Each structure stands twice: as structure tokens, then as C-alpha cells.
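One letter stands for each residue in the lines below.
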Amino acid sequence: MYRNSRKLISVLLIIMLVFPAGWITTSAETATVDEETRPTAAEFNPITFEDQTTGGFEGRSGTETLTVTDEANHTDGGAYALKVEDRAENWHGPTLNVASFIEKGQEYNISAWVKLISPESSQLQLSTQVGNGDNASYNNLQEKTVSTSDGWVQLEGTYRYSSLGDEFLTIYVESANNSTASFYIDDITFEPTDSGAVEIEKDLTPIKEIYQDDFLIGNAVSDSEFEGNRLELLKMHHNLITAENAMKPAYAYNEQGEFDFTAEDSLVQKAKDEGLLIHGHVLVWHQQSREALHTDENGNPLSREQALENLRNHVKTTVEHFGDSVISWDVVNEAMNDNPPNPSDWKASLRQSGWLEAIGPDYLEQAYRAAKEVIDENGWDIQLYYNDYNDDNQNKAEAIYQMVKEINENYAAENDGELLIDGIGMQAHYNLNTNPENVRRSMEKFISLGVEVGVTELDVTAGSDNELTEQQAQAQAYLYAQLFSLYKEHAEHISRVTFWGLNDSTSWRAAQSPLLFDEDLQAKPAYYAIMDPEKFIAEYEPVEKEEANQGNASHGTPVIDGQIDEVWDNAAELPVNRYQMAWQGASGVAKALWDEENLYVLVQVSDDTLDKSSANSWEQDSVEVFVDENNGKTAYYEEDDGQYRVNFDNETSFNPESIAENFESATKVSDGGYTVEVKIPFRTITPENNAKIGFDVQINDGKDGARQSIATWNDLTGAGFQDTSVFGELTLVGSNEEEQPEKPTPGKPNKPGKPDKPGKTKKVVIANPPINDNKVLIDDEIIEKVQENGVLEINISRYKQALEIVLTNDQIIHLKEQNATITIKQKNANASFPASVLSDDEEEVAITFDQIDEWEQAWSKALDLLFNKK
Ligand code: XIL
């Protein structure tokens, strides 16, 4: 079994006893209590719904239906859970006010178990809200893409309440990509951690000081940044703010549709009191906006005259109201499509939006003119910006360039060469695959227009599930250094660099730790990288791009009819939830099977509104499968490569066309999503056990005729249509051929009429466990899936650091009872051993890996240890 292992594998593997975990001390002493009148925090009793009440949970909107039910239960020895139905918006869900359990400044561990009812798959997330109204902050604790077959899943995270949000502090469960998903929740806990109070690092050099001669340093804020140590950190490093949400068009009105700037004024006052400059975000946008300004109750566009009057009124009133409290405004935000195919025609590249439909492409120019009129009348010095994301995409940059050029030229001709659009905001929501050279190209293109550039919403996503490995933190720091080096080079044309959030736990992309300060407000490698970017780049090697995602296709043959045959149970889940763009929409779960003729792929998509109104197939709600049969990873398509696209209505398209032959597909639309099942004939290889093919799955989310989001299993670059090196890898496993007692010899077919023997396929259950404090724990539910003679594959290939895989006593007993094999999967090697070698006398067993980087040395030693113990 360990062929080649001496050469391939060397890891120090030690079986050792770990003391029972779970003695986290609660430490009210460490909390900062500074509100004298405030009662001390009460102790939170877990909510199990066993008393058959909702335990204080309510619907966030009030329109959801919450029922205590015995249809499902997670509580040990209990019978009840809370059922959540009739959601209608992504943010709807059960919420609980936890203010009375909170000491200011203290960190809490928050956990809830969830079980999805419908659709088949959906993203679910646990979050906490601080404060109420327009200035509230919404913080995501943990998000997972779950499917109904997952059963109960735990959502858990920590949050430090530096602000008491005027005693409006809630925890809630929502779905960021499915407004109608329904689910159960159970066993909610809320416990102080033992981490004590935190202090910010006062000895750091302020970022604003380093860049004082270059540009302003900004951050995105809500009310909770104006208290305690968050305020200290904000003021120490920044001299400018953008309201993360409060100054968006929707919040300029009260429920009656009248202008109401109460919350905005209070935020503006706080910023002024602290001596911070303010950038206004935003006047005209297709999101977080008041639909009634351009669309009637039946969803039809208002007349051009009416919509134009509303647009001008909205812009003028808002600009007038804030006056020169702001130094600049994002007048129009995100008006361009992503990757427009014909970018020199900017009008054809505009995103379908309510404003465009009612007014036409000149709505942009009209908005800028309205703002400019107010500014000129008052003699204010306020810069007008156009702001957009995916600014590093060359097609999008070109469309923006053409638009600003034309509008500015028109205006200049009438106004002595004066600019109408003063600046272009590059949102800069980047990820580890962002190529800084593309950022440079776009930036230089914008600068060539004679406008200033603002970096307006900078963050760099890395890692997942609130975890960032050292390597990812390093790669993130490197990209930050490259960006700041570029920014310094062009500082003369850059007005400001604004980060989108103060620290990882409060970022809108919290799960992907995108900022300079960690959840305890401490500086990450990225902070040190931007302190002296050139030095950082000189001292460190660029980190290799992330490994391609690895997955398995099990052996089996389904019927292609959109129904999920039992054979799919054998296939491992491949989450399709890496997003290529700033906005995150439909996601899903894929599975793959193979037989001697074909590859089969099943994709269950979570998406509550289906749209195929775009003429471009890739902008419709659709699924794409990418295959590189020889795993050649070429930067162009060879004969064995193909891209297969199926929309929710089972309309297909192919790249190249020739691969359509013998392809089959079926789709099924259900509540909250759709299923795509395809058969892809192998065209150039003879598939066999352990063969690896290049593979990816993509979900396009169409909305109002445009693509609003792209989720994939592996690729983050968007180059998959022409470059196979960005695919993940799929290993074909589980063919039982070798194990069959009588292997039919070629030319001697099985006797007709006699069905093939059911295979003795070993069912492989794959665990991709997260890592926490260097500990890798596996969910009981995954272990329970391991059946007789099955294999538990623990994939730790994405980790490089020393770690412990911890198995509990119950888990070991189950694995032993099933006579299971355990496979530990690392990058270069798999190590397999029977579960029977593990001791079940201990509370827990930890398999410790030291120095995973050095595989060459110690594998045999580790095995000796394992087996000598027996
Ligand atoms: C985001 C906020 O960060 C979130 O809190 C909110 O739920 C959605 O909007 N482009 C923009 C910003 O212009 O306004 C967006 O901010 C992020 C992308």
C-alpha cells in the first residue's frame, strides 16, 4: 500500500493524547465596563426551543414565519427546533437581541446550528448587527454554502462588541444569495471568550503619516467606528471617511418617501468632530436606491421627463444638503457592465438599470450636470467622481474611459475646457489573483484623461471561512505592497486611498480576511507591507499562486434527466462559491461521476430569480463545465479541451462548437434554484482509476439582462474560456474493476441477460476541514457518513503549517466499527491506514504534523510510531 512512500512522503506523525478541550474560561473580569448605569451582562442560556417558545427570536422584517416544530431537532435528548419560512429578501431571517448579555469591549463566541429545508443548496450566514437605522453595521460571523443533504451544520464565529450600538445588538441568520431559502435553527449559544480586552498598537507608524505627501488615507465607517478603540484606530491611521452605507440613495428618504437626512447628519457631525474629511458615497446607483424614482409600482419605467426630474431633484437636494461638508461625491456608481464585449461603444456597455431604462444613456451626464449646477451656484470646491469595480478588467476600463472622455469633452466645449467629471474612483475590490499590471494599465488610462484617480474601496480577499494561513497572509501582503508601490508612483494623480473597512471582522467580506488589521485590531503582514512597499517587494519572494482546487469524480452512471439518482450519493460535493467579481450572487454545489465513456456533472444552483433576457448566453442564469482531458494546463484550448454551457431552461452553448456531439443535458427548475445534469463524452482519453483531468464549474448569475455575479469551483481569473491553466483538478476514483473477482477479458463480453455484479466500491467520504489554532476538527456529520469498509479522506493539502488532526473518541469508535480506512491527503502524497490502529481508550486522538513543508524526511518514522503502538 505504501509503494513509493519512502520517497514521496515524509511527515512527522505522532499519535498523542490531547487533554479534553472545552474549558474555555469565561472572564467577566477582563471586560471593560465603563457605562456606570448599565447592568452587568447576564449569562446567556443556550436556546434549544425545548420549552416550545421562540426563545426571543423574531423575524427581521416581521413578515417571516417562525414556528417551533418537532419536524427537526439538533438538541441532544430534545425534540424541537425553530422553522424559518416565508423569507422574501436576502436579509430576512430569525433575529435575537443579545444586548443584555454583552459587556462592552468583550469578545463573544456565537454559534447556531442550521438545517436547510429548501432549495437544494443555499448560502446561509450567521451575522451580528450593531446599532439600528441608517448608520448600523452588519457583521458576518460565518457563511457556508449548504445543501439539504448536509443535515445540521454549525455556523460559528467570534465578535468583539467595541460599540454598544445604543443597545441595539442582535444576532441573526440570513442568506446572502437566496431570498426565499427556508431552514431550521437550533442550539444557539453566546459565550464570552477568554481573550480579554484588546488595545490597538499605538507604536505603529500611522499610515496617513507615511503617505502624507502622497494622498489622503480613508476608511469606510458606520456609527460603531466612532467609539472606543475602533475610533482610536480610525483616527490614528486615517484622515478621511466614506459612509459604508448611510449616504447611499435609499437612506436619503423616510418611509413616506420624503427626504430625511437625520442619521447622515449625525454621522457627518461625528466625523467633523474628530477632524476627519468626508467623501460622499453615493448619488446615483442601481442598488440601495429608491426604485420609485424611476420605476412605477408595476415595475414599468417612469416617463423620461418624470424620471429626469426625480434624478435632478435627488442629486440637487442631496448635494445642497451636505454642502461643503464633503470634499467629493461619487455621482454615479457602477454604471458599466462587467467585461463588456465591445467597450469602445460605452453606451452599449451600460448596465441595464432602472435609470437607464427610464431616461436613456444620458442619465449619467444629466446627474453630473445637476450636481455641478449646485456646486457652482454656491462656489464650493467639491470633486465629482465616477466610481466602479473590476476596474482592472481592461474592457470595463475602456468603456469607463470612453464614457468619461465623451461627457467631459462635451462639457469642456461649452465651458472653457472645464471638467465635468473630476475623477474616476477605482473601487479596488481585489483578490490574490489580481494582476497589478492590469491595475496599472487601467489607472494610467484614466490618468491620461486629465482627471484625478481615487482608490475608493480597497480590499484584497484571501483565505476563506475567516481563516488566513500564513502563506495567504504573505501573498495578500505582497499584493498590497505591489499596489501601494504603484500608487506611490502615480501619487501626483491620486487623491486618496480608502480601505473598505477597518478590520477583518467588520469587512463586508469578513470570511476572506481582506484588510490590514485582524479581528483584534492588530496589524497584519499587509500593514507592514505598505509601510515600505519597495523594501517589502525586495525582501520577499512573490508567493506562488494558490494550488488548483482538488476534487474527486466517483465511478458510476446516472440517467441524465434532471432527477438526482441514488448513484450521485457516492460523489463528493464540490462547492461552487468562489466569486470572480465584487458582487456575490448565485452559488451552488457540483458533483462529478465517470464511467468508461463519459464524465457526468450535476450542479445544484441556489438562485431565487432566474433571468435569461440577455442575448449573450454567458449573461443568462447558466452553468458552465470546463474540461481539460489531458490536464495539460495550456494557456489556450487544445483538442481535448472544452467549455460546456447550459442555462436553466436547458439551452446549450459550446466552446468550441464541435464538442456538442453526444453531449446530453437536462435541467430542473425548483423553488429557489435549478439543477443541471450533463453527460460529457470523453473524446481523447481512456478514463481510468486515478487519472486526473483539468476541471471547473462556473455559475453565471443573470439579473435584469446583465451578469451580476460569477461563482466558480476553482478559477478566480475569469480566463477559463481561453486558458485551461486556471482550472482545478478532478481525480477519477472508485472504479471497482480491479476488485472484481472475474475481470471480463476483452472480446469475451458478459453473458447477455446477466446484470453486472454490484461493485464493491469503497465509498469515499471527503472531509475538507477548516483549521482553527492549528487544530483540524472534523464534523461528526461527516464521520457519520463513513459506511462499512468506507474511506475517510481528510484533505489537508491546502495547509502548510504544523497542525493536529483531532479525532474524538466517538468518531474513532464509529470509524473502527465501520472497518474504515483513513486517508490523509497532502499535496504530494496520500497516506492511508486502517482506523483500527487508532486507540479508542483516549478522550481524543490527535495526529500531529510538524513541518508539513518537509515531506522528505519522516513518513516512515511516523508509520513506525503508528504501527508500533499497536
Ligand atoms: C457594500 C457595503 O460594504 C455593505 O455593507 C452593503 O451591504 C452593500 O454595499 N461597491 C460599493 C459599495 O460602491 O457601496 C459597496 O458597499 C461595495 C461595492
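An unreviewed UniProt entry lists the protein under the name Beta-xylanase, from Gracilibacillus ureilyticus. Under the UniProt heading Catalytic activity (unreviewed entry), the entry covering the protein gives this text: "Endohydrolysis of (1->4)-beta-D-xylosidic linkages in xylans." Per UniProt, the protein has the following entry under Sequence similarities (unreviewed entry): "Belongs to the glycosyl hydrolase 10 (cellulase F) family."

The next point concerns the overall build of the protein. Across its full length, the protein carries 15 helices and 41 strands. The buried share among the 870 residues of the protein stands at 56%. Long-range contacts, defined as pairs at least 24 residues apart, comprise 75% of the intrachain contacts of the protein with a sequence gap of at least 6. Just so you have it, the protein exposes about 36300 Å², and 44% of that area is on carbon and sulfur atoms.

Under the defined criterion, the tally for this structure stands at 36 salt bridges. E664 serves as the salt-bridge partner of K679, at 3.2 Å between the closest nitrogen and oxygen. Taken together, the residues span a long stretch of sequence, with K679 in strand β30 (residues 673-681) and E664 in strand β29 (residues 664-670) at a distance of 15 residues. With relative accessibility at 17%, the residue K679 sits in the buried group. On the accessibility criterion, E664 (37% relative accessible area) is partly exposed. Measuring nitrogen to oxygen at the nearest pair gives 3.6 Å for the salt bridge that ties K816 to D840.

The five strands lie next to each other as β3-β4-β11-β6-β9, forming an open sheet whose pairing is antiparallel. A strand with exactly one partner marks an edge of an open sheet, and here the two such strands are β3 (65-69) and β9 (152-160). With direction set aside, neighbouring strand axes in the sheet form an average angle of 30°. Examined bridge by bridge, β3 and strand β4 (residues 81-85) share five bridges and lie antiparallel to one another. Within β4, the position partnered with V68 by the bridge is L82.

To continue, consider helix α4 (residues 262-273). Its 12 residues place the ends of α4 17 Å apart at the C-alpha level, agreeing with the 16 Å of an ideal helix rising 1.5 Å per residue. Of all the positions in α4, only E264, L267, V268 and A271 are classed as buried. For α4, the angular spread of buried residues about the axis comes to 100°, placing them on one side. In this structure, α4 carries T262 and D273 as exposed residues pointing more than 90 degrees from its buried face. Considering only its buried residues, α4 is in contact with β12 (216-221), β13 (240-243), β14 (277-284) and α5 (304-322).

Applying the stated criterion across every chain, the model contains 30 aromatic pairs. Among the aromatic side chains, those forming a connected cluster through ring pairs are F44, F101, Y108, Y159, Y161 and F190. Across the ring face of Y253, the terminal group of R290 is positioned such that the distance to the ring centre comes to 5.2 Å. A cation over a ring is seen here: R509 above W508, with NZ or CZ 3.6 Å from the ring centre.

With antiparallel pairing, the five strands of this open sheet are ordered in space as β2-β5-β10-β7-β8. The open sheet has two edge strands with one neighbour each: β2 (58-59) and β8 (137-147). Across 10 bridges, strand β7 (residues 121-130) lies against β8 in antiparallel orientation. When the bridges of β8 are listed, Q129 appears paired with Y138.

Right, let's get into the site of the ligand. Not every one of the 14 residues close to the ligand is listed here, only the nearest: E244, K248, H281, E457 and W500. Interatomic distance of 3.1 Å between a side-chain N/O atom of Q427 and a nitrogen atom of the ligand. When the ligand is considered free in solution it has 420 Å² of accessible area, and contact with the protein chains removes 86% of it. Counted by class, the shell around the ligand contains four nonpolar, six polar and four charged residues.

Bringing the pairing of β30 into the picture now. With nine of its nine residues buried, β30 lies for the most part within the structure. Burial along β30 is two-sided: G673, T675, E677, K679 and P681 and Y674, V676, V678 and I680, pointing in opposite directions, are all buried. Here strand β25 (residues 598-606) runs beside β30; their pairing, made up of nine bridges, is antiparallel. Across the sheet, residue L599 finds its bridge partner in β30, namely I680. Hairpin connection of β29 to β30: two residues between the antiparallel strands, including G672 at a positive phi of 80°.

Right, let's get into the environment of S122. With respect to the secondary-structure elements, S122 resides in strand β7. Note: C-alpha distance between S122 and G588 (466 residues apart in sequence) is 6.8 Å. Discounting residues that sit within four places of it in the chain, S122 has contacts with L116, K144, T145, V146, S175, N177, N178, A181 and S606. Of the polar contacts made by the side chain of S122, one reaches the side chain of S175; its length is 3.2 Å.

This next bit is on the UniProt feature "active site" (unreviewed entry) in the protein. UniProt annotation of "active site" (unreviewed entry) refers to E457 when read in the numbering used here. With respect to the secondary-structure elements, E457 resides in strand β19 (residues 452-461). You can call E457 buried: its relative accessible area is 5%. In this view, E457 contacts H281, N387, M426, Q427, A428, H429, T498 and W500; residues no more than four positions away in its chain are not counted.

Looking now at the pairing of β25. Across the nine residues that make up β25, a large majority, nine, are buried. As paired strands, strand β24 (residues 587-594) and β25 are joined by eight bridges and run antiparallel to one another. The residue bridging W594 from the neighbouring strand is L599, located in β25. Hairpin geometry of β24 and β25 is characterised by an intervening segment of three residues between the two adjacent antiparallel strands.

In this structure, L458 and Y487 are the most contacted members of the largest nonpolar core, which totals 110 residues. Grouped together as the second largest cluster of nonpolar side chains are 36 residues, F57, V98, I185 and F190 included.

We now examine a negative patch on the surface. A cluster of like negative charges, contributed by D779, D780, E784 and D810, occupies part of the molecular surface. Among the secondary structure elements, D810 is positioned in helix α14 (residues 809-817).

Conventions we followed
Residues numbered from 1 in each chain as written. Predicted model: local features only at pLDDT ≥ 70, side-chain atom pairs only at ≥ 80, totals over all residues. Heavy atoms only, no water. UniProt positions renumbered as here; feature names shortened; annotations may be inferred. Helix = DSSP H or I, 4+ residues; strand = E, 2+ residues; numbered from the N terminus. Buried < 20%, exposed > 50% of the residue type's maximum accessible area, 1.4 Å probe, protein only. Contact = heavy atoms within 4.5 Å. Areas by Shrake-Rupley, 256 points an atom, 1.4 Å probe, with all protein chains shown as cover. Salt bridge = Lys/Arg side-chain N within 4 Å of Asp/Glu carboxyl O. Pairing = 2+ DSSP bridges. Axes fitted to C-alpha atoms, helices over the stretch in contact; angles between N-to-C directions. Expected span 1.5 Å × (residues − 1). Arc of directions from axis to C-beta. Phe/Tyr/Trp six-rings, centres within 6.5 Å; stacked < 30°, edge-to-face > 60°. Lys NZ or Arg CZ within 6 Å of the ring centre and 35° of its normal. Near = heavy atom within 4 Å. Polar contact = N/O pair within 3.5 Å; in protein donor to acceptor, adjacent residues only side chain to side chain. Nonpolar A, V, L, I, M, F, W, Y, C, P; charged D, E, K, R; others polar. Core = buried A, V, L, I, M, F, W, Y, C linked by side-chain atoms within 4.5 Å. Patch = residues over 30% accessible without salt bridge, like charges linked within 9 Å, V, L, I, M, F, W, Y side chains within 5 Å. Lys, Arg positive; Asp, Glu negative; His and termini not counted. Charge placed at Lys NZ, Arg CZ, Asp CG, Glu CD.

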